[in-house]
Amino acid sequence: MTVIFEKSFERTLSQLVSDAEAGQEFEAWTFDDRQSRQDAERKLREKGVQARIRSAYKPLLHAFLEEINLNGVEAIEIRYPVHANAPANRFRLEAYPLAAMVGDRAITFVARADSDFHYDVLLKNGSGDERQVKVLAPNRVHIDTAGETNVSPTGWLVRDGKATGERLATDYERLFEETIAAITQYDWGTTEPYFEELNIHVGLPAADEPLPVGDEVMSLREALHEDFYFSLLEFFQKRSGRPLGDRGLKPGQIVPQILLSSGEISAKVETQALASRYWDGAEQQIETAAEPLAVRQIEAMLEEIGGETFEAITRSGRAVKARYIKGRDAAVMISGGQHANETTGGVGALRGARRLVAIEGAHFTISPLENPDGYALHQRLRKDNPRHMYHAARYTALGDDLEYRTEANASLYLYEKKIRFLAEKLSGAQLHVNLHGYPAHEWTRPLSGYVPRNFAMWTLPKGFFLIARYHSGWAAQAKRLLDRVTKHLGAIPGLLDYNNKQIALYEIHAGETGFRIINGFPCLADVDDRHTVPVTLITEYPDETIYGDEFIAGHTAQMETVLSAYDAWQDITASS
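Structure report, in brief.

**Notes on the overall build of the protein chain**
At step 1: Secondary structure summary: the protein chain contains 13 helices and 25 strands in total.
At step 2: The C-alpha atoms of the protein chain give a radius of gyration of 25 Å, which matches the 25 Å a tight globule of 576 residues would have.
At step 3: With the principal axes as the frame, the protein chain shows a C-alpha extent of 85 × 65 × 40 Å.
At step 4: The proportion of buried residues among the 576 residues of the protein chain is 59%.
At step 5: Split by element, the accessible area of the protein chain, about 22,200 Å² in all, is 47% carbon and sulfur.

What follows is the structure, encoded as structure tokens:
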């Protein structure tokens, strides 16, 4: 264990209160929760200071929550800036999910020609009268640790009623920048992986604020986790000579733990040994499982399914367990848990396999937990806050995406990927049903451009959708598969309505989805020879933070995809 950085930071709100003198007036924008900002305003009033402290994170949404009165308003127009160094819809995205929070009032978003960091809000009543509200959205243009230019939210201070203000380098920003600097300046050597676990332990007094829309929640702590994790991936990608977004990088396991503190702000960075235990929960009824399954239950269910056992071993020594059911049908590979924070796929895979095994002649492989090292980390992190996305648990203990290992480049690091090669060799399958998920609420990186770099299409939920990847010459089979599966899914009560509601909100805040709609379901299909199996069907359910009935609906949709894809594949191969 090596400590790389350790520091406490003065809280910006405390500094504003202590520095203010009676008779002063000011407005400030900081990265703090609503209660903390209101407590600081009260303390300032007691000192004879008139102050308004707003949120630097999602300022437009906070303005509607805290200041803008909608009584009598029937229509809203939001005019937002467009900056050359940010996606054109960046400030429109930042307003999400406002359109679902204004009742039945009409709301429109209009891009302005300028890049001034503010919104013009027009509030219109039934008689045609309107009032305009200007909402400041403080941002700065800066170069990040990956050498990329970003437009990022920042603290701001306006004194004594002046028209302009100045940047306020907040505790939130300083903590991030100084911690990142300490890590990037450390000598990591030249050999991957650089560490077993790189732990970033942060104490932050910022409570989450759930929103009355789906799974949406405003969380400065979750946003900081995402910023740390992906910024460090990008640093190590650049350091290794790889392009940004390369999933073959193997730095080790990067683990930001952003914990709620009682008032102090602190950061400690240290290298640690890989954890080898699971933080298992109680056994659940599989059909109504309300949260991710305990590993011992996953393994027990594989025993019940039967068939031939095969496995692979991870970097930490955990086992990736799988089963091969040999039969007369056209074989299908079924997998879940490649990205371990995507939680419904493994349950859906097991539920599907339990039904398939009862079919005479059934022929398939089942590996419901391909990334047990990531799954163990997800279990560990969820104990603090189960509603955070925790993308640090997305990849393996090597820090890479197992799918991007090949037999040619993985002589030293095959580990988890071996399970797929074994499944294909045993079964001869030409279809792989690979169950995935993505964030069920907004995903942001506020200190590095707001929109997650290389993951922009995933920043907002947009329903359950499917991706078909296929070898050249297999387009017809992939097309038939998507048609059959989407028709089957469309018969599940409530699923199309669920999709339509999320897609409609997505389109208001982000624009067109870019997907092809097949039988009511968004789909992508393209040639991809990276996979060794000729056809891969990938599911994407918005599931990373859902529980209870929502979780059950998610793994039911995953199960139904498995069953319909298996059934369709029998007909497709028989007629090919």
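On we go from here.
**Some remarks on the sheet that holds strand β3 (residues 50-55)**
At step 1: Strand order in this open sheet of 4 strands is β3-β2-β10-β11, and the pairing throughout is mixed. Whereas interior strands pair on both sides, the edge strands pair on one side only; in this sheet they are β3 and β11 (166-168). Across the sheet, the mean angle separating the axes of adjacent strands is 25 degrees when strand polarity is ignored.
At step 2: Bridge count for strand β2 (residues 25-30) against strand β10 (residues 155-159) is 4 bridges, and the pairing is antiparallel. Residue pairing in the sheet places Trp29 in a bridge with Trp156 of β10.
At step 3: Lying over the sheet, helix α1 (residues 12-19) contacts β2, β3, β10 and β11, oriented at roughly 170 degrees with respect to β2.

**Focus: the side chain of Glu544**
At step 1: On the secondary structure map, Glu544 appears in the loop between β25 (535-542) and α13 (548-575).
At step 2: Buried charge without a salt bridge: Glu544, with Arg394 as the nearest opposite-charge side chain at an N-O distance of 5.1 Å.
At step 3: Among the polar contacts made by the side chain of Glu544, one reaches the side chain of Asn341 at a distance of 3.3 Å.
At step 4: There is a polar contact of 3.1 Å between the side chain of Glu544 and the side chain of His391.

**Some thoughts on the environment of Pro59**
At step 1: Looking at where Pro59 falls in the secondary structure, it is placed in helix α3 (residues 59-66).
At step 2: Linking Pro59 and His118, residues 59 residues apart in sequence, is a C-alpha distance of 9.4 Å.
At step 3: If we ignore the near neighbours within four places in the chain, the residues touching Pro59 are Glu94, Val135, Leu136 and Ala137.

**Focus on the pattern of salt bridges**
At step 1: A full pass over the atoms with the stated rule returns 53 salt bridges.
At step 2: Between Arg140 and Glu173 there is a salt bridge, with its nearest N and O atoms 3.9 Å apart. Here Arg140 is found in strand β8 (residues 139-143), whereas its partner Glu173 is found in helix α5 (residues 171-184), with 33 residues between them in sequence.
At step 3: The network of salt bridges with common partners includes Glu370, Glu403, Arg420, Arg469, Asp528 and Arg530.

**Overview of the environment of Trp279**
At step 1: As for its position among the elements, Trp279 is in the loop between β16 (265-272) and α7 (295-305).
At step 2: Sequence separation of Trp279 and Ala376 is 97 residues, and the distance between their C-alpha atoms is 6.7 Å.
At step 3: Other than its neighbours up to four places away in sequence, Trp279 contacts Ala376, Gln379, Arg380 and Lys383.

**Considerations on the nonpolar core**
At step 1: With 90 residues, the main nonpolar core has Ile76, Ile78, Leu198 and Leu224 as its most contacted residues.
At step 2: Among the elements that take part in this core, helix α6 (residues 220-239) stands out by supplying 10 residues, more than any other.
At step 3: Not counting residues up to four positions away in its chain, the partners in contact with Leu224 are Tyr172, Leu175, Phe176, Val202, Leu204, Ile258 and Leu447.
At step 4: The next biggest cluster of nonpolar side chains, apart from the first, holds 55 residues, and it includes Val295, Leu302, Ile366 and Leu482.

**Digging into the side chain of Arg140**
At step 1: Of the polar contacts made by the side chain of Arg140, one reaches the side chain of Glu177; its length is 2.6 Å.
At step 2: When sequence neighbours within four positions are dropped, the list of residues in contact with Arg140 reads Asn150, Val151, Ser152, Thr154, Arg167, Glu173 and Glu177.

**Brief notes about the sheet that holds strand β21 (residues 431-438)**
At step 1: Pairing in this open sheet of 9 strands is mixed, and the strands run β17-β18-β20-β19-β21-β25-β22-β24-β23 from one edge to the other. Both outer strands of the open sheet, β17 (308-313) and β23 (516-518), are each paired with one neighbouring strand and no more. Ignoring which end each strand starts from, the neighbouring axes of this sheet average 25 degrees apart.
At step 2: Where strand β19 (residues 332-336) and strand β20 (residues 364-367) come together, 4 bridges link them in parallel fashion. Counterpart to Val332 in the pairing with β20 is Phe364.
At step 3: Most of the contacts of α7 go to strand β18 (residues 319-325), to which it runs at about 20 degrees, and overall it touches β18 and β20.
At step 4: Against the sheet, helix α11 (residues 475-490) touches β21, β22 (465-470), β23, β24 (521-527) and β25, its axis set at about 165 degrees to β22.

**Digging into the packing of aromatic side chains**
At step 1: As enumerated under the stated definition, the model contains 22 aromatic pairs in all.
At step 2: Seen in terms of ring centroids, Trp188 and Phe236 are 5.8 Å apart; in terms of plane orientation they differ by 70 degrees. Their pairing is edge-to-face. On the criterion of sequence distance, the pair formed by Trp188 in the loop between α5 and β12 (197-204) and Phe236 in helix α6 is long-range, its members being 48 residues apart.
At step 3: Accessibility expressed as a relative area gives 7% for Trp188, which makes it buried.

**Considerations on unusual backbone geometry**
At step 1: Look at the link from Tyr96 to Pro97: it is a cis peptide, with omega at 0 degrees.
At step 2: When you line up the elements, Pro97 lands in the loop between α4 (90-93) and β5 (106-111).
At step 3: In this model, Glu192 is joined to Pro193 through a cis peptide bond whose omega is -10 degrees.
At step 4: With respect to the helices and strands, Pro193 occurs in the loop between α5 and β12.
At step 5: Here the phi dihedral of Lys58 falls at roughly 50 degrees; this positive angle occurs in a residue that is not glycine.
At step 6: Its place among the elements puts Lys58 in the loop between β3 and α3.

Here is what the cut-offs are and how they apply
Residues numbered from 1 in each chain as written. Predicted model: local features only at pLDDT ≥ 70, side-chain atom pairs only at ≥ 80, totals over all residues. Heavy atoms only, no water. Helix = DSSP H or I, 4+ residues; strand = E, 2+ residues; numbered from the N terminus. Rg over C-alpha atoms; globule rule 2.2 N^0.38 Å. Buried < 20%, exposed > 50% of the residue type's maximum accessible area, 1.4 Å probe, protein only. Areas by Shrake-Rupley, 256 points an atom, 1.4 Å probe, with all protein chains shown as cover. Pairing = 2+ DSSP bridges. Axes fitted to C-alpha atoms, helices over the stretch in contact; angles between N-to-C directions. Contact = heavy atoms within 4.5 Å. Lys, Arg positive; Asp, Glu negative; His and termini not counted. Salt bridge = Lys/Arg side-chain N within 4 Å of Asp/Glu carboxyl O. Polar contact = N/O pair within 3.5 Å; in protein donor to acceptor, adjacent residues only side chain to side chain. Core = buried A, V, L, I, M, F, W, Y, C linked by side-chain atoms within 4.5 Å. Phe/Tyr/Trp six-rings, centres within 6.5 Å; stacked < 30°, edge-to-face > 60°.

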